[in-house]
Amino acid sequence: MSDRRYLLLHSDRNLRERLAHQIAVEFGQTSPGKSNQVEWRDGAHLDHFELLHLLKGRFEAVLLDLHLPAMLALRAAELAHLACIPARMVLLVPCRQPGLRVNGNAHASKNSPDFTDALLKACSPLFDSCLQIPFDREEAVPRLCAVLEEPVNFQRGSLPNQDQLDAAIENLLSTCLKLAPGARGAAHAFGIYRDAYLQPDFTTWESRISLAQLNLEARLDRFIRIRPLLFSPRLIQAAERIARSPYFAADQHAFLKKRFDYLLDNTGRVLSRYRQEVEDILIGIEQFACMSEAGRRQEQMQVDDLAQMLIVRAKEVPGFEEGIAPLVYFLLRLHNVPLGSGLAA
């Protein structure tokens, strides 16, 4: 008798136990000669490194709660593409999904076909299937059969285009508004996601061929070294310091806030390819924020040199020059601020 192994990641214990039983026993009865083994984990206490370890388990399918912490369901789907994981990726969503926008309506009925169509459309580029739970007992076997017996529906023989992955993730974030609580919008949420879990850059043909030649464990090990840049919180902190600046008028503060919002919304789209450039820009913005709040100090970089560095780096990153050029203009205004002026350092 051959075994089929499934991995279930969800934060609701009762739902985990019920769904694990349905997969192992009820769904297993439809396949004579095979047994189903279900391994489950508490999704509420999952982190990136444990997820990587679990994905090495060579499961038939991985069932993921939409609301895993730190958007790890999206991370798992992304890794399925990047590391060519040969498991079926199934997204678990509640029958009534708060924050789902359907034709401009923030809440859709669980029985609305618009609900299912919108969610399936948003998930289909990333996941193999989308399963609404919980479901009635009489629906269990037919629905599980429909989801778990279909073949993997996207090609994983070679790495996909990273831009397509990014667009699919951002589209799902636009559809499920509550995936990133506190974010202004999907673009900002996308930046937070990229900020927290940034994969290595495998954009060259040689690196893709090299990765494809490794076994599954070695492929996933390439994604262990995650060093968060924390761009979003650092940029927000810099914006708050500039907002307290005594050197700019109210209309100038309003304008600067819009530029910082623009940078927040665009950072996530470029972090994977322009990490060093973005980090240099962030350091420069933090120095600008320090000067804006407390005035220039002797040990700080010269204003002209800082302005030059920011504009040169911004030109190297697509879309950043529009956000940085106005900041450079306001930075050069600090030429007139004497050393040691303003608030105490």
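Residues numbered from 1 in each chain as written. Predicted model: local features only at pLDDT ≥ 70, side-chain atom pairs only at ≥ 80, totals over all residues. Heavy atoms only, no water.

J.: Now, about the layout of surface pockets: what can you tell me, with residues and values included?
T.: When its volume is computed, the largest pocket comes out at roughly 230 Å³. As for the largest pocket, its lining consists of 13 residues, and the residues nearest its centre are A239, E240, A243, K257 and F260. Going through the elements one at a time, α10 (231-243) and α11 (250-267) are the ones with two or more residues in the lining of the largest pocket. Per element, the largest residue contribution to the lining of the largest pocket is 7 residues, and it comes from α11. Partitioning the lining of the largest pocket into residue classes produces 9 nonpolar, 1 polar and 3 charged. (1 Å grid on protein atoms, 1.4 Å probe; cavity = no way out; pocket = protein on both sides within 12 Å on 5 of 7 lines; lining within 4 Å. Points joined across faces, edges and corners; volume = space filled by probe spheres on them. Helix = DSSP H or I, 4+ residues; strand = E, 2+ residues; numbered from the N terminus. Nonpolar A, V, L, I, M, F, W, Y, C, P; charged D, E, K, R; others polar.)

J.: Explain the packing of α10 against α11 to me, and be specific about the residues and the numbers.
T.: The description of two packed helices rests on the angle between their axes and on the distance between the axes. Between α10 and α11, whose axes approach to 10 Å, the crossing angle comes to 175 degrees. Relative to α11, the element α10 lies roughly antiparallel. Packed against α10, whose contacting residues are F231, S232, L235, I236, A238, A239, I242 and A243, the element α11 presents H253, L256, F260, L263, L264 and T267 at the interface. When the residues that make up the contact of α10 with α11 are grouped by side-chain class, the tally is 11 nonpolar, 3 polar and no charged. (Axes fitted to C-alpha atoms, helices over the stretch in contact; angles between N-to-C directions. Parallel < 35°, antiparallel > 145°, perpendicular 65-115°, else oblique. Contact = heavy atoms within 4.5 Å.)

J.: Please give an account of the nonpolar core that cites residues and values.
T.: Formed by 50 residues in total, the largest nonpolar core has its most connected members in L64, L74, I85, L126, F127 and L173. The element that contributes the greatest number of residues to this core is helix α3 (residues 72-82), accounting for 8 residues. Counting 35 residues, the second largest nonpolar core, distinct from the first, contains L235, V270, L306 and F320. (Core = buried A, V, L, I, M, F, W, Y, C linked by side-chain atoms within 4.5 Å. Buried < 20%, exposed > 50% of the residue type's maximum accessible area, 1.4 Å probe, protein only.)

J.: Got a sec to walk through the environment of D265? Specific residues and values, please.
T.: Note on placement: D265 falls in helix α11. Distance in space between the C-alpha atoms of D265 and I192 is 9.4 Å, their sequence separation being 73 residues. Beyond its immediate chain neighbours, meaning those up to four positions away, D265 contacts R184, A187 and H188.

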